[in-house]
Amino acid sequence: MKILITGSAGFIGFHLAKKLHSQGEDLILIDNFARGIKDQEFLDFLKKPNIKFYDIDITKESAFSLIKEEIEQVYHLAAINGTKNFYSIPDKVLRVNVIGTLNLLDWIKNKPNVKILFSSSSEVYAGALSMGIGTIPSDEKIPICIDDITNPRWSYGLSKALSEGSFFSYSKRYSMN
């Protein structure tokens, strides 16, 4: 099975890739190292059989057109996170997380047999905590509440909420898995 992992040089993406590879899966890995680490361990991993790596920026509309392999599963983990980034580069957090997701969805929307997993965040429910209608761990049935839209900290939570909504909308329109 060919599996695509976006954000493959990040902590979760890299460990997921190692686990799937150890189970004999063929991997297509994507990262641009904006947040992931291009260390020797990652570079050695890329030399293993059945791994293809693309150093691409998923915010570019044509990014996914470089991938010619027939993909069966996608794990979409690419994102900019980190509290420091929410405050220092909130525009980039929104851009990478939302536009990267939309570009992936546009590329995959006509591939009905591809299964896709999107990694969101409990940050989308953080506003409910401050309003007293949420608890930790977060119940996904509570409403998504934006505490203070002027606070750049919300760039990450908003990007994940927008991406979640995009996945549901594309799924309904294009019968995606």
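Here's what I pulled together on the structure shown here. (Residues numbered from 1 in each chain as written. Predicted model: local features only at pLDDT ≥ 70, side-chain atom pairs only at ≥ 80, totals over all residues. Heavy atoms only, no water.)

1. Description of the overall build of the protein chain
Next up, step 1: Helix and strand counts for the protein chain stand at six helices and five strands.
Next up, step 2: Helices (α) and strands (β) of the protein chain occur, in sequence order from the N terminus, as β-α-β-α-β-β-α-α-β-α-α.
Next up, step 3: Since a compact globule built from 177 residues should have a radius of gyration of about 16 Å, the 17 Å found for the protein chain is in line with a globular shape.
Next up, step 4: Counting only C-alpha atoms and orienting by the principal axes, one finds that the protein chain spans roughly 50 × 40 × 30 Å.
Next up, step 5: Counting the 177 residues in the protein chain, one finds 44% classified as buried.
Next up, step 6: Taking contacts inside the protein chain between residues at least 6 apart in sequence as the whole, the part at least 24 apart equals 67%. (Helix = DSSP H or I, 4+ residues; strand = E, 2+ residues; numbered from the N terminus. Rg over C-alpha atoms; globule rule 2.2 N^0.38 Å. Buried < 20%, exposed > 50% of the residue type's maximum accessible area, 1.4 Å probe, protein only. Contact = heavy atoms within 4.5 Å.)

2. Re the sheet that holds strand β1 (residues 2-6)
Strand pairing in a sheet relies on backbone hydrogen bonds, with the paired strands running either antiparallel or parallel.
Next up, step 1: If you walk across this open sheet you meet the five strands as β3-β2-β1-β4-β5, and the pairing is parallel. Each having just a single partner strand, β3 (51-55) and β5 (115-118) make up the two edges of the open sheet. For this sheet, the mean inter-axis angle between neighbouring strands, taken without regard to orientation, is 15 degrees.
Next up, step 2: Looking at chain direction, β1 and strand β2 (residues 26-31) are connected through five bridges and run parallel. For Lys2, the partnering residue across the bridge sits in β2 and is Asp26.
Next up, step 3: Contacts from helix α1 (residues 11-22) reach β1, β2, β3 and β4 (73-76) within the one sheet, and its direction differs from that of β1 by about 165 degrees. (Pairing = 2+ DSSP bridges. Axes fitted to C-alpha atoms, helices over the stretch in contact; angles between N-to-C directions.)

3. Some remarks on the pattern of salt bridges
Next up, step 1: Counted by the stated rule, this structure contains five salt bridges.
Next up, step 2: When the shortest N-O distance is used, the salt bridge between Lys60 and Asp57 registers 3.7 Å.
Next up, step 3: Given a relative accessible area of 26%, Asp57 falls into the partly exposed group.
Next up, step 4: Residue Lys109 pairs with Asp106 through a salt bridge whose shortest N-O separation is 3.8 Å.
Next up, step 5: Look at Lys109 and you get partly exposed, because its relative accessible area is 21%.
Next up, step 6: Classification of Asp106 by relative accessible area gives partly exposed; the value is 35%. (Salt bridge = Lys/Arg side-chain N within 4 Å of Asp/Glu carboxyl O.)

4. Details of the environment of Glu72
Next up, step 1: Along the polypeptide, Glu72 turns up in the loop between β3 and β4.
Next up, step 2: Exposure remark for Glu72: the relative accessible area of 39% places this residue in the partly exposed category.
Next up, step 3: Contact partners of Glu72, with chain neighbours within four places excluded, come to Met1, Lys2, Asn113, Val114 and Lys115.

5. With respect to the packing of helix α4 (residues 90-108) against helix α6 (residues 154-174)
Next up, step 1: Running from N to C, α4 and α6 point in directions that differ by 10 degrees, and their axes come no closer than 8 Å. In terms of axis orientation, α4 runs roughly parallel to α6. Crossing handedness for the pair α4 and α6: right-handed. Contacts from Pro90, Val93, Leu94, Asn97, Val98, Thr101, Leu102, Leu105 and Asp106 in α4 reach Ser155, Tyr156, Leu158, Ser159, Leu162, Ser163, Ser166, Phe167 and Tyr170 in α6.
Next up, step 2: Class assignment for the residues of the contact of α4 with α6 results in 11 nonpolar, six polar and one charged. (Parallel < 35°, antiparallel > 145°, perpendicular 65-115°, else oblique. Left-handed = near helix turned anticlockwise from the far one by under 90°. Nonpolar A, V, L, I, M, F, W, Y, C, P; charged D, E, K, R; others polar.)

6. A short note on the side chain of His21
Next up, step 1: Turning to its location among the elements, His21 is positioned in helix α1.
Next up, step 2: If sequence neighbours within four positions are ignored, His21 has contacts with Leu27, Phe45, Lys48, Pro49, Asn50 and Ile51.

7. Quick word on the environment of Pro143
Next up, step 1: Secondary-structure assignment places Pro143 in the loop between α5 (126-130) and α6.
Next up, step 2: Note on Pro143: relative accessible area 43%, which makes it partly exposed.
Next up, step 3: In this structure, the C-alpha to C-alpha distance between Pro143 and Gly127, residues 16 residues apart in sequence, is 9.0 Å.
Next up, step 4: Setting aside residues up to four positions removed in sequence, Pro143 forms contacts with Tyr125, Ala128 and Ile133.

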